[in-house]
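Reading the structure
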Amino acid sequence: MLPTEGAGRRGFGHPGSGLALVALLLVGTTGPAVPVHAAPETPLQHIVPAPVAATPRPGVAFTLSADTTIHTQPGSAPAQQVGEYLAGVLRPSTGYRLPVVPSGSSASGRRISLLLAGADARVGEEGYQLDVTRQGVLIRARTAAGLFAGVQTFRQILPAKVEAKTRQPGPWTVPGGQVLDYPRYAHRGAMLDVARHFFSVDEVKGYIDQIALYKVNRLHLHLTDDQGWRLEIKSWPNLTAHGGSTEVGGGTGGYYTQEQYKDLVAYAAARHITVIPEIDMPGHTNAALSSYPELNCDGVAPPLYTGIEVGFSSLCIDKDITYEFVDDVLREVAALTPGEYIHIGGDEAHATTDPDFDLFMDKVLPLVAKHGKTATGWHEFVKSGPPPSAVPQFWGTKTVAPDMVEAAARGSEIVLSPATKAYLDMKYDANTKLGLSWAGYTDVQDAYDWNPGAYVEGLPADAVRGVEAPLWSETITNSADLEFMAFPRLPAIAELGWSPWSTHDWDRFKVRLAAQAERWRVMDVNYYPSPQVPWA
Ligand code: TNX
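What counts, and at which threshold
- Residues numbered from 1 in each chain as written.
- Predicted model: local features only at pLDDT ≥ 70, side-chain atom pairs only at ≥ 80, totals over all residues.
- Heavy atoms only, no water.
- 1 Å grid on protein atoms, 1.4 Å probe; cavity = no way out; pocket = protein on both sides within 12 Å on 5 of 7 lines; lining within 4 Å.
- Points joined across faces, edges and corners; volume = space filled by probe spheres on them.
- Helix = DSSP H or I, 4+ residues; strand = E, 2+ residues; numbered from the N terminus.
- Nonpolar A, V, L, I, M, F, W, Y, C, P; charged D, E, K, R; others polar.
- Domains from an automatic or database assignment.
- Contact = heavy atoms within 4.5 Å.
- Buried area = accessible area lost by both parts, 1.4 Å probe.
- Salt bridge = Lys/Arg side-chain N within 4 Å of Asp/Glu carboxyl O.
- Pairing = 2+ DSSP bridges.
- Axes fitted to C-alpha atoms, helices over the stretch in contact; angles between N-to-C directions.
- Buried < 20%, exposed > 50% of the residue type's maximum accessible area, 1.4 Å probe, protein only.
- Phe/Tyr/Trp six-rings, centres within 6.5 Å; stacked < 30°, edge-to-face > 60°.

Here we come to the layout of surface pockets. The calculated volume of the largest pocket comes to roughly 420 Å³. Arg-155, Glu-163, Lys-165, Asp-209 and Met-523 are the residues nearest the centre of the largest pocket, which is lined by 18 residues in total. Breaking the lining of the largest pocket down by element, the ones donating at least two residues are helix H1 (77-94), helix H3 (201-212) and helix H14 (506-523). It is H1 that provides the largest number of residues to the lining of the largest pocket, a total of 4 residues. Broken down by class, the residue content of the lining of the largest pocket amounts to 9 nonpolar, 3 polar and 6 charged.

A full pass over the atoms with the stated rule returns 5 cavities of 30 Å³ or more. Forming the boundary of the second largest cavity are 13 residues, of which Ala-145, Phe-148, Arg-188, Lys-215 and His-272 lie nearest the centre. Residue contributions to the lining of the second largest cavity reach at least three from each of two domains, namely domain 2 (53-181) and domain 3 (187-498).

Domain parsing of the protein yields domain 1 (1-46 + 503-536), domain 2 (53-181) and domain 3 (187-498). Contact with domain 1, which involves 20 residues of that partner, is made by 20 residues of domain 3. In this assembly, domain 1 packs against domain 3 so that about 1700 Å² is buried in total across both faces, 62% of it on carbon and sulfur atoms. Between domain 1 and domain 3 we count 1 salt bridge in total. Here Arg-512 ties to Glu-495 by a salt bridge, and the two come within 2.7 Å at their closest N and O atoms.

Our focus in this paragraph is the sheet that holds strand S9 (residues 187-193). Taking strand neighbours around the barrel as the criterion, the 8 strands line up as S9-S10-S13-S14-S15-S16-S17-S18 in a closed arrangement whose pairing is parallel. Within this sheet the neighbouring strands show an average axis-to-axis angle of 30 degrees, counted without direction. Inspection of the sheet shows S9 paired to strand S18 (residues 464-471) by 6 bridges, in the parallel sense. In the strand pairing of S18, His-187 is matched with Gly-466. The strands touched by helix H5 (residues 258-269) are strand S10 (218-222) and strand S13 (274-281); relative to S13, the strand with the most contacts, the crossing angle is about 135 degrees. Along the sheet, helix H7 (residues 320-335) makes contact with S13 and strand S14 (341-345), crossing S13 at roughly 170 degrees.

On to the pairing of strand S7 (residues 136-140). Counted residue by residue, S7 has 4 buried out of 5 residues, so it is predominantly covered. Relative to S7, strand S5 (residues 111-115) is paired through 5 bridges, and the arrangement is parallel. Looking at the pairing, Ile-112 lines up with Val-137 of S7. By the bridge criterion, 4 bridges tie strand S6 (residues 128-132) to S7 in an arrangement that is antiparallel.

This part covers the packing of aromatic side chains. As enumerated under the stated definition, the model contains 23 aromatic pairs in all. Their ring planes at 0 degrees and their centres at 4.1 Å tell us that Tyr-448 and Phe-509 sit as a pair that is stacked. Of this pair, Tyr-448 sits in helix H11 (residues 444-448) while Phe-509 is found in helix H14, placing the two residues 61 residues apart along the sequence. Centroid distance Phe-484 to Tyr-528: 5.4 Å. Interplanar angle 65 degrees. Geometry classified as edge-to-face.

Right under this line is the structure:
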């Protein structure tokens, strides 16, 4: 049992439950952290990201059985889709049928209900309420995204072997209790660089499944760079035919056809993850320049590039055809993008002068708007004065960034990806075989121990739109490498994006993280067993 004193804490009662509730995590978005047992006793204390509030019902549990049914909000296809997703997770390991039926239907047996009614108003657009009683499991939210988040929490309180792809022995018991939960930030992102090394549709889907477990809701795909162009553009076919034909180290590269890309976007959307496509410009464009000589100022196409230098390429700022090209690319990308944002890069444009960079962005930003999208870009793009709706993604290594403070003063919201904290391609320590180290070594505690709301000096907390963990792939060639760099740091960044700051505590986080490893072993996630974490 825990003390619950503390200003600003936020608990919740269960209307009509009449039970005396024991607060384990009873916290607010502004109040001080409330101590939790150092040694967790119930899976409710293992949840990553930490929920706003989790309250056990001592002595109560629910056990799935062969006749359990999944009931979803009648008339809601999105809620039904979440139900089918949950059934897809549970069926292989439990071997149960778990039919998904509209709530109110008379299926017998005990229930897992996913309802779009009756949730506490505080859950907002992406939060949920989860109740586990002897009779069943009830997840309530205002949106399917909230139900989906609740399902991730439910997964995490089931035994880890539920993640297995083959039938396992039960029992499938979850502890009684309730959770009230909602995110701190709207943007909780992961970025994957599929340009330096190409990742297949199935590899990207695998990563989508892994990040969904931690309530990440944005996948930023870095689709183009010097070493490769990875998205079919029908009006400029040589971008992929030639520009997609290699990668760092000289491998065969690859690209997504538009059909494959649509499939990826839909797969992410079914997991309530919005894909943000990045077309990096005006630098990082050697693959495009190599594919079309007319995009070069001298009309000569450079060879394909398979090294890892940055900052040497630029689209030709003075040529009209450059903007015809960008217009075509943005039109096709926008048509493939249900989300609001297109990322236009803008980083490390060392081969473009500042006046040229301004000129370029002045022409390109309106093209993004013309195709019905809002621009986001690496933080350098603020030097061209984009509109306040444009979202800068801060990747700096310092906490002093006056240009970000000024952008916020003009009304911009900023996504934080400080390279010293959030870059999943940085080595953990000197012994890490993969990765780079230009921003320093980043072990799990470094990735976790910073406050996005107070990180950049003078940046108002409410100007922070969220966090994102980029994984650049100069040294990363396959899913095993990707997982080694992302786990356990991705869950750390995901927690910064979701959990109230009042839950922030490294000593407790590392215990919760350790409890995730059993799940990763079942899921075959190749995580880095950092010595900072007390793995069981
Ligand atoms: C910097 S940070 C880059 C990328 C590299 C990365 C490697 C940023 C926006 N650009 O081009 O892949 O460092 O860590």
